[in-house]
Amino acid sequence: MAKHRIILGVTGASGSIYARLLAEALSAYPDVELSVVVTENGLKVMDYEGEAAWLVDPRITRFANDDLFAAPASGSAGYEAMVVVPCSMGTLGRLAAATSTDLLGRAADVILKERRCLILVPRETPLHTIHLRNMTALSECGAVILPAAPSFYGKPGNIESLCRTVTDRVLSLLGLEHGGYVWGQ
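Here the structure is a predicted model, which is why all the values come from computation and not from measurement.

### Comments concerning the packing of helix H1 (residues 16–27) against helix H6 (residues 159–173)
Helix-helix packing is described using two parameters, namely the angle between the two axes and the distance between the axes.
Turning to step 1, where the next piece is worked out: The contact between H1 and H6 brings their axes to 9 Å, and the two run at 60°. Taken together, the axes of H1 and H6 lie oblique to each other. Crossing hand, H1 versus H6: right-handed. Between H1 and H6, the residues in contact are Ile17, Tyr18, Arg20, Leu21, Leu22, Ala25 and Leu26 and Ile159, Glu160, Cys163, Arg164, Val166, Thr167, Val170 and Leu171, respectively.
Turning to step 2, where the next piece is worked out: Classifying every residue of the contact of H1 with H6 gives eleven nonpolar, one polar and three charged.

Here it is in structure tokens:
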């Protein structure tokens, strides 16, 4: 069975619960090979928000963000998708300018240049014009901008269920079946 090779990037925006929920969901698929890159500020925010324990999960491969020789830095590594969640506006701006100074940025740049699936999950509000222009530039290059805007259709009963509505949308965009809410069912 062919593995789906997916990169999960985590930046220093608040909302690291989304990264944990997505990592847990992706790790549960036997045909998904999950690689993780976390920025320095991403680690700090995860520690602060109490969401860093999942990083030691043996089902994931973690790469140091300063390792530009790591597999995600090359198109020949064959990753088919990358999700950056949560995606800070600083990271989003650097991606829009194609300025990659670390592995997370380089991996996203590679995914775009190879015309593969890049999903960015910003968790910032309100947005100013430069944020919106950067999102537009990335969307024009093929990235999917999926704001961390949870839905209420399924009447989530707690914060995890509410946040899972966002990660379920990511799973859908990756073409993966999930047990989350589907409209009309």
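### Some remarks on the pairing of strand S5 (residues 117–122)
Turning to step 1, where the next piece is worked out: In terms of residue burial, S5 counts as a mostly covered element, since five of its six residues are buried.
Turning to step 2, where the next piece is worked out: Both strand S4 (residues 81–87) and S5 contribute to a ladder of five bridges, which runs parallel. The residue bridging Met82 from the neighbouring strand is Leu118, located in S5.
Turning to step 3, where the next piece is worked out: Relative to strand S6 (residues 144–145), S5 runs parallel, the two sharing two bridges. Residue pairing in the sheet places Ile119 in a bridge with Val144 of S6.
Turning to step 4, where the next piece is worked out: Read as a crossover between parallel neighbours, the route from S5 over helix H5 (residues 129–140) to S6 is right-handed.

Criteria and thresholds
- Per chain, the residues get numbers from 1 upward, laid out in the order the sequence is written.
- Local features in this predicted model are restricted to residues whose pLDDT is 70 or higher, and side-chain atom pairs enter the listing and the counts only when it is 80 or higher, whereas totals over whole chains, interfaces and linings include all residues.
- Calculated side-chain values reflect all of the structure's heavy atoms, with hydrogen atoms and water omitted.
- Angles shown run from 0 to 180 degrees and are taken between the N-to-C directions of axes, each axis being a line fitted to C-alpha atoms and, for helices, limited to the stretch in contact.
- Helix and strand assignments follow DSSP, with helices taken as H or I runs no shorter than four residues and strands as E runs no shorter than two, numbered in order from the N terminus.
- Roughly parallel means an angle under 35 degrees; roughly antiparallel, over 145; roughly perpendicular, 65 to 115; everything else is oblique.
- By convention, the crossing between two helices is left-handed when the near helix turns anticlockwise from the far helix through less than a right angle, and right-handed when the turn is clockwise.
- Whether two residues touch is decided by their heavy atoms; if any such pair falls within 4.5 Å, the residues are in contact.
- Residues are grouped as follows: Ala, Val, Leu, Ile, Met, Phe, Trp, Tyr, Cys and Pro are nonpolar; Asp, Glu, Lys and Arg are charged; every other residue, Gly included, is polar.
- Each residue gets one of three labels from its accessible area relative to the maximum for its type: buried under 20%, exposed over 50%, partly exposed in between, using a 1.4 Å probe on protein chains only.
- When DSSP finds two or more bridges between a pair of strands, those strands are recorded as paired.
- Crossover handedness is defined here as right-handed if the route from the first strand over the helix to the second strand goes clockwise, with the strands pointing away from the viewer.

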